[in-house]
Amino acid sequence: MTVTSLADIAPHHLAPGRGGGGPAPTRIVVAYGFWIFLLSDIILFSGLFAAYAVLANSTARGPTGQQLFDLNTVFIETMALLVSSYTAGLAMLSAEWQHRSRFFVFAALTFVLGAAFVGIEISEFAGMVSEGAGPSRSAFLSAFFTLVGTHGAHVTTGLLWLLYMVAQVAVKGLRPAILQRLLCFSLFWHALDIVWVGVFTLVYLFGVR
Amino acid sequence: MLGHGILHLHDRAPGVRHEESTVDFLTYTAGLGFAIVLTIVSFVIVKTNLLWGPGIPVGLIVLAFAQIGVHLVFFLHMGTGPDHTNNVVALTFGMMICFLVITGSLVIMTNLNANMMDMPHPLR
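Residues numbered from 1 in each chain as written. Chains lettered and ligands numbered in written order. Predicted model: local features only at pLDDT ≥ 70, side-chain atom pairs only at ≥ 80, totals over all residues.

A. Expanded view of the overall build of chain A. When helices and strands are counted, chain A shows seven helices and zero strands. Along chain A, from the amino end to the carboxyl end, the secondary structure elements read α-α-α-α-α-α-α. Split into buried and exposed, the 209 residues of chain A put 38% on the buried side. (Helix = DSSP H or I, 4+ residues; strand = E, 2+ residues; numbered from the N terminus. Buried ≥ 20, exposed ≤ 12 C-beta atoms within 10 Å, placed from the backbone.)

B. Representation of the overall build of chain B within the structure. A count of helices and strands for chain B gives three helices and zero strands. The helix and strand sequence of chain B, counted from the amino end, reads α-α-α. The 124 residues of chain B split such that 25% are buried. Restricting to contacts in chain B with at least 6 residues of sequence separation, those with at least 24 account for 64%. (Contact = placed C-beta atoms within 7 Å.)

C. Layout of the interface of chain A and chain B. Taken together, the contact between chain A and chain B spans 49 residues of the former and 44 residues of the latter. Among the elements of the structure, α1 (6-9), α2 (26-55), α4 (71-96) and α7 (176-208) of chain A are those that each provide at least two residues to the side of chain A that touches chain B. By residue number, the principal contributor to the side of chain A that touches chain B is α2(A), which donates 15 residues. The residue makeup of the side of chain A that touches chain B, split by class, is 33 nonpolar, twelve polar and four charged. (Nonpolar A, V, L, I, M, F, W, Y, C, P; charged D, E, K, R; others polar.)

D. Fine view of the domain arrangement of chain B. We note that the domain assignment places domain 1 (12-78) and domain 2 (82-116) within chain B. For domain 1 of chain B versus domain 2 of chain B, the separation of C-alpha centres amounts to 21 Å. (Domains from an automatic or database assignment.)

E. The packing of α2(A) against α7(A), seen in detail. Residues and elements named next belong to chain A. In the contact formed by α2 and α7, the axes pass within 10 Å of each other and the chain directions differ by 20 degrees. Accordingly, the angle class assigned to the pair α2 and α7 is roughly parallel. Regarding α2 and α7, the two cross each other, and that crossing is right-handed. Taken together, the residues of α7 that come into contact with α2 (itself represented by R27, V30, A31, F34, W35, L38, D41, I42, F45, F49, Y52 and A53) are Q180, L183, C184, L187, F188, A191, V195, G198, L202 and V203. Each residue belonging to the contact of α2 with α7 can be placed in one class, and the counts come to 18 nonpolar, two polar and two charged. (Axes fitted to C-alpha atoms, helices over the stretch in contact; angles between N-to-C directions. Parallel < 35°, antiparallel > 145°, perpendicular 65-115°, else oblique. Left-handed = near helix turned anticlockwise from the far one by under 90°.)

F. Local environment of the environment of I194(A). Mapped onto the elements of the fold, I194(A) is located in helix α7. Since 21 C-beta atoms lie within 10 Å of it, I194(A) is described here as buried. When residues no more than four places from it in sequence are discounted, the contact partners of I194(A) are I68(B) and H71(B).

G. Looking closely at unusual backbone geometry. Residue and element names in this part refer to chain A. Even without being a glycine, A60 presents a positive backbone phi close to 50 degrees. Relative to the helices and strands, A60 resides in the loop between α2 and α3 (65-68). We note that Q98 has phi near 65 degrees; this positive angle belongs to a residue other than glycine. Relative to the elements of secondary structure, Q98 occurs in the loop between α4 and α5 (100-130).

H. The packing of α7(A) against helix α2 (residues 56-75) of chain B, seen in detail. The contact between α7(A) and α2(B) brings their axes to 10 Å, and the two run at 170 degrees. The angle between the axes of α7(A) and α2(B) places the two elements in the roughly antiparallel class. Where α7(A) abuts α2(B), its residues H190(A), D193(A), I194(A), V197(A), G198(A), T201(A), L205(A) and F206(A) lie against P57(B), L60(B), A64(B), Q67(B), I68(B), H71(B) and F75(B). Here the contact of α7(A) with α2(B) is composed, by residue class, of nine nonpolar, five polar and one charged.

I. Up close: the nonpolar core. Counting 75 residues, the largest nonpolar core has L147(A) and L187(A) as the members making the most contacts within it. Broken down by secondary-structure element, the contributors of at least two residues to this core are α2, α4, α5, α6 (139-172) and α7 of chain A together with α1 (22-47), α2 and α3 (85-115) of chain B. Here the element with the most residues in this core is α7(A); it accounts for 18 residues. Of the domains in this structure, domain 1 (12-78) and domain 2 (82-116) of chain B are the two that each give at least three residues to this core. In this view, L147(A) contacts L48(A), F49(A), Y52(A), V199(A) and V203(A); residues no more than four positions away in its chain are not counted. (Core = buried A, V, L, I, M, F, W, Y, C linked by C-beta atoms within 7 Å.)

The structure is reproduced here in structure tokens:
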């Protein structure tokens, strides 16, 4: 008897990768592995969040969050990152639909919004340091710069990765391997936005209250 | 790919939907809309007196979790289907670790601070 289709050997309730029908496709395995990495990255952030939450009131009689944070700039920052997450999603969709020029447009929008976010954050940091509220001023500020700075470093890395992906698409086109890498990039970018929700709530909104 | 008829057999990658259609575009747009509304509400309740003072932290935490949920469902396309089991199990484990690290640190440090003797002011 010959096996004619996968449905003959794999019952419908068994997905590949869980024992039925052989190993899962590369795309699934790669994205799942990257998902595990992202979760480990979020656990790294949870340590920084815990440190910040513990040290938020240890200002050593220096400036407090209420004196330092400006909610209007934080709101603009938040919107820039949120919309960039949206455009990154649309860039990924355009890539999957093989719309190359549309992919470039959305990737460019994502880059501009992400760069605006990093720019605002750098000017905020520079302003705080010039006021004498640098990371060495108090435990609160050390924890603040570590948490927000680590997030900013991730976004900067994401921007470099995005440039690299655009170059790959420009040179090699939207091949399956490139789509896989783009999928990882978009997961990374969305995860950074999720971390930022925690940052603007715990650090800035709780800080100015 | 082996053909369309058996696609539903596969596991699903996080961030991926199988039926590529305009539904995806609408999903992202709806997610952006929800996320913007939740962000604006969090900023508004901090800046105004709409919410009873002591209720603001609870409100902020609820809004943050709601927004994280929106991001997971609409941007990362997390679902409850069998093709998502692996992704959701990993996510749940990650969330559990985060919860333990953050609340554990807070509980332990609050206890330690409560057991501390009063310090002269410059040391605090």
